[in-house]
Amino acid sequence: VPWRPVFDPLLGAAFLLGLWTALRRVRRDAAAAFVLVWTAVMLMPTLLAEDTPHFLRAVGVLPVAAFLPALGLDWVVEQAGHPRWGWAVAGVALAFGLASTAAAYFGDYAAAPMTGYWFERGAVALAGRANAFLGVGWDGERMLHDAEPNRHVFIEPGLWEQWPQVRFLVAQPEAVTVGLEGEASAEGVAVFVWPYADWQRAWSLLPVPAEIAVEEGPQSQGDRDPEPFTTYLGFFATPPDPAEPALARFSGGVELLGIETAWAEDGRLRVRLRWRATESLAGDYTVFVHYLRDGERLGQADARPAGGHYPTPLWHPGDVVNDDHFLEGVGVIIPERDAVLFGFWDPATGERLYVLDEAGNPANDWLMLPVTGN
């Protein structure tokens, strides 16, 4: 575990006792001399390099690292008035070491973002999302065995080649195309792209019409990367349900199918708006989302649909777009007091889309719905 000593305090004390014991025996005990020389020599690669201490560079110490605390515990057993007392002390030291190490490893270390980077969580998540879409293999939580029919995955070559975990974990490689060339011949298509290049090429691979969801993958960071980066950008397209009823209608050919709230891993509140296009939209609209409590605004999240990754000029009649907005500072949801206010506007022209009443007349340029909870 980073920044944690090799030994916990009790075994560290045993180590010092063992070191003292070995130094006392060094003139008459070749084994004790060998352990001390081995330890000193194998520590040189980390002592003379940067980023000291570096456990990987000190790996040569491992074969004898346990000898010195073992010598110390052996000395405790020998000095105890009764052997049982000596073994009890040694047992307590070992049990404490086991418990403290397990707590450190499965506690803060397991939850630290850097641990996810070191274990390449982003690449594992990419493979898991591909498997979840195809219905076969490990999805990050469980094994899937029922393949989804007529689905296909496109992965940008750089993601496939850079991460061997992806190649190893994807359970149905025959349903994967490495590259962004071709056309949407399957009913369900997932496209994984590098978010810092020309990711717009993914649009041409999505079937029409489709229910679209866009997902930013988790963060990754290599040894030489100064800052974390988004591992992938995923586009998921499945057949829409044309019979799904609308909750509200907007001018310009947009319908609201639903609104969902959930907490994201980073503590922000995710508000998902599900839109359906009934005709093509010419304007490049931004969706404004205000979170209200007793009429006062607690948070705001304005963005082009799907984080700008599937803007309104791309919408085709029949498309359903899952549009996520993330709000900070909401705190605990109070259903009887909280509401979400949202709508469309074009920053270039100032034009807004109007909410239509049952007769098809403009009623307002925003819609407000109560929050019913998580």
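Residues numbered from 1 in each chain as written. Predicted model: local features only at pLDDT ≥ 70, side-chain atom pairs only at ≥ 80, totals over all residues. Heavy atoms only, no water.

For this particular structure, what's the right way to read the packing of aromatic side chains?
A ring pair, where both rings are aromatic, is described by two values, the distance of the centres and the angle of the planes. By the definition in use, this model includes 18 aromatic pairs. An aromatic cluster of at least three residues, connected via ring pairs, comprises Phe-250, Trp-275, Tyr-285, Trp-315, Phe-342 and Phe-344. Lying over the aromatic face of Trp-20, Arg-24 brings its terminal NZ or CZ to 4.6 Å of the ring centre. The ring of Phe-236 carries the charged tip of Arg-129 above its face, separated from the ring centre by 4.3 Å. (Phe/Tyr/Trp six-rings, centres within 6.5 Å; stacked < 30°, edge-to-face > 60°. Lys NZ or Arg CZ within 6 Å of the ring centre and 35° of its normal.)

What is the right way to read the pairing of strand 15 (residues 320-327) from this model?
Both faces of the sheet carry side chains from a regular strand, because those side chains alternate between them. Across the eight residues that make up strand 15, a large majority, seven, are buried. Sheet topology places strand 12 (residues 269-277) next to strand 15; eight bridges connect them, and they run antiparallel. What sits directly across from Arg-270, in strand 15, is Phe-326. (Buried < 20%, exposed > 50% of the residue type's maximum accessible area, 1.4 Å probe, protein only. Helix = DSSP H or I, 4+ residues; strand = E, 2+ residues; numbered from the N terminus. Pairing = 2+ DSSP bridges.)

Help me out: how do you make sense of the sheet that holds strand 19 (residues 367-370) in this one?
The strands that make up a sheet are held in pairs by hydrogen bonds between backbone atoms, and each pair lies either parallel or antiparallel. Pairing is antiparallel in the open sheet, where four strands are placed in the order 14-13-16-19. Every other strand in the sheet has two partners, leaving strand 14 (296-300) and strand 19 as the edge strands with one partner each. Taken pair by pair, the neighbouring strands of this sheet meet at an average axis angle of 30°, ignoring direction. (Axes fitted to C-alpha atoms, helices over the stretch in contact; angles between N-to-C directions.)

Hey, could you run me through the pattern of salt bridges in this one?
Close approach of charged atoms allows side chains of opposite charge to pair. Going through the model one piece at a time under the given rule, you end up with 15 salt bridges. The partner of Arg-129 in a salt bridge is Glu-215, and the shortest N-O contact between them spans 2.9 Å. Pair noted here: Arg-129 is in helix 7 (residues 121-134) and Glu-215 is in strand 6 (residues 211-216), with a separation of 86 residues, a long-range link. In this structure Glu-215 comes out as partly exposed when scored by relative accessible area, which is 24%. (Salt bridge = Lys/Arg side-chain N within 4 Å of Asp/Glu carboxyl O.)

Explain unusual backbone geometry here, please?
Negative phi characterises most residues that are not glycine, and trans characterises most peptide bonds. For the peptide bond that leads from Val-208 to Pro-209, omega is -10°, which places it in the cis range. In this fold, Pro-209 is placed in the loop between strand 5 (188-193) and strand 6. At Asn-150, a residue that is not glycine, the phi angle is positive and equals roughly 55°. Examined against the element boundaries, Asn-150 turns out to sit in the loop between strand 2 (143-144) and strand 3 (151-155). Classification of Asn-150 by relative accessible area gives partly exposed; the value is 40%. In this model, Ala-306 sits at a positive phi of 55°, which is unusual for a non-glycine residue. Mapped onto the elements, Ala-306 comes out in the loop between strand 14 and strand 15. A residue is classified by how much of its surface remains accessible, and Ala-306, at 10% relative accessible area, is buried.

Hey, could you run me through the side chain of Asp-324 in this one?
Relative to the elements of secondary structure, Asp-324 occurs in strand 15. Here Arg-272 takes part through its side chain, which lies 2.7 Å from a polar atom of the side chain of Asp-324. (Polar contact = N/O pair within 3.5 Å; in protein donor to acceptor, adjacent residues only side chain to side chain.)

Looking at this structure, I do not really get the environment of Ile-212. What am I missing?
When you line up the elements, Ile-212 lands in strand 6. We classify Ile-212 as buried; its relative accessible area is 1%. A sequence separation of 51 residues divides Ile-212 from Glu-161, and the C-alpha atoms of the two residues are 26 Å apart. Beyond its immediate chain neighbours, meaning those up to four positions away, Ile-212 contacts Leu-206, Phe-236, Ala-237, Tyr-310, Val-320, Val-321 and Asn-322. (Contact = heavy atoms within 4.5 Å.)

How should the side chain of Thr-46 be read in this particular structure?
Take Thr-46: it is sitting in helix 2 (residues 30-47). In this structure Thr-46 comes out as buried when scored by relative accessible area, which is 4%. What Thr-46 contacts, discounting residues up to four positions off in sequence, is Thr-52, Pro-53, His-54, Arg-57 and Ala-58.

Got a minute to help me understand the nonpolar core in this structure?
Soluble globular proteins tend to pack their nonpolar side chains together in the buried interior. Counting 45 residues, the largest nonpolar core has Val-191, Phe-235, Trp-275, Trp-315 and Phe-344 as its most contacted members. Top contributing element to this core by residue count: strand 12, with five residues. (Core = buried A, V, L, I, M, F, W, Y, C linked by side-chain atoms within 4.5 Å.)

Please clarify how the environment of Trp-263 should be interpreted in this entry.
Relative to the assigned elements, Trp-263 resides in strand 11 (residues 254-263). Of the residues examined, Trp-263 reaches a relative accessible area of 37% and is grouped as partly exposed. Along the chain, Trp-263 and Phe-326 lie 63 residues apart, while their C-alpha atoms are 9.0 Å from each other.

Looking at this structure, how should I read helix 4 (residues 67-79)?
Owing to its 3.6 residues per turn, the α-helix brings residues three or four apart onto one side. When the terminal C-alpha atoms of helix 4 are compared, their 18 Å separation across 13 residues agrees well with the 18 Å that a helix rising 1.5 Å per residue should span. If you check which residues of helix 4 are buried, you get Leu-68, Pro-69, Gly-72, Leu-73, Val-76 and Val-77. (Expected span 1.5 Å × (residues − 1).)

I keep staring at the confidence of the model for the protein chain and nothing clicks. Help me out?
When pLDDT is low, close inspection of the predicted coordinates is not appropriate. Confidence in the prediction for the protein chain averages 92 pLDDT; 99% of positions are at 70 or higher. When pLDDT is averaged over each element of the protein chain, strand 9 (residues 233-238) comes out on top at 98 and helix 3 (residues 62-65) at the bottom at 86. (pLDDT = per-residue confidence, 0-100.)

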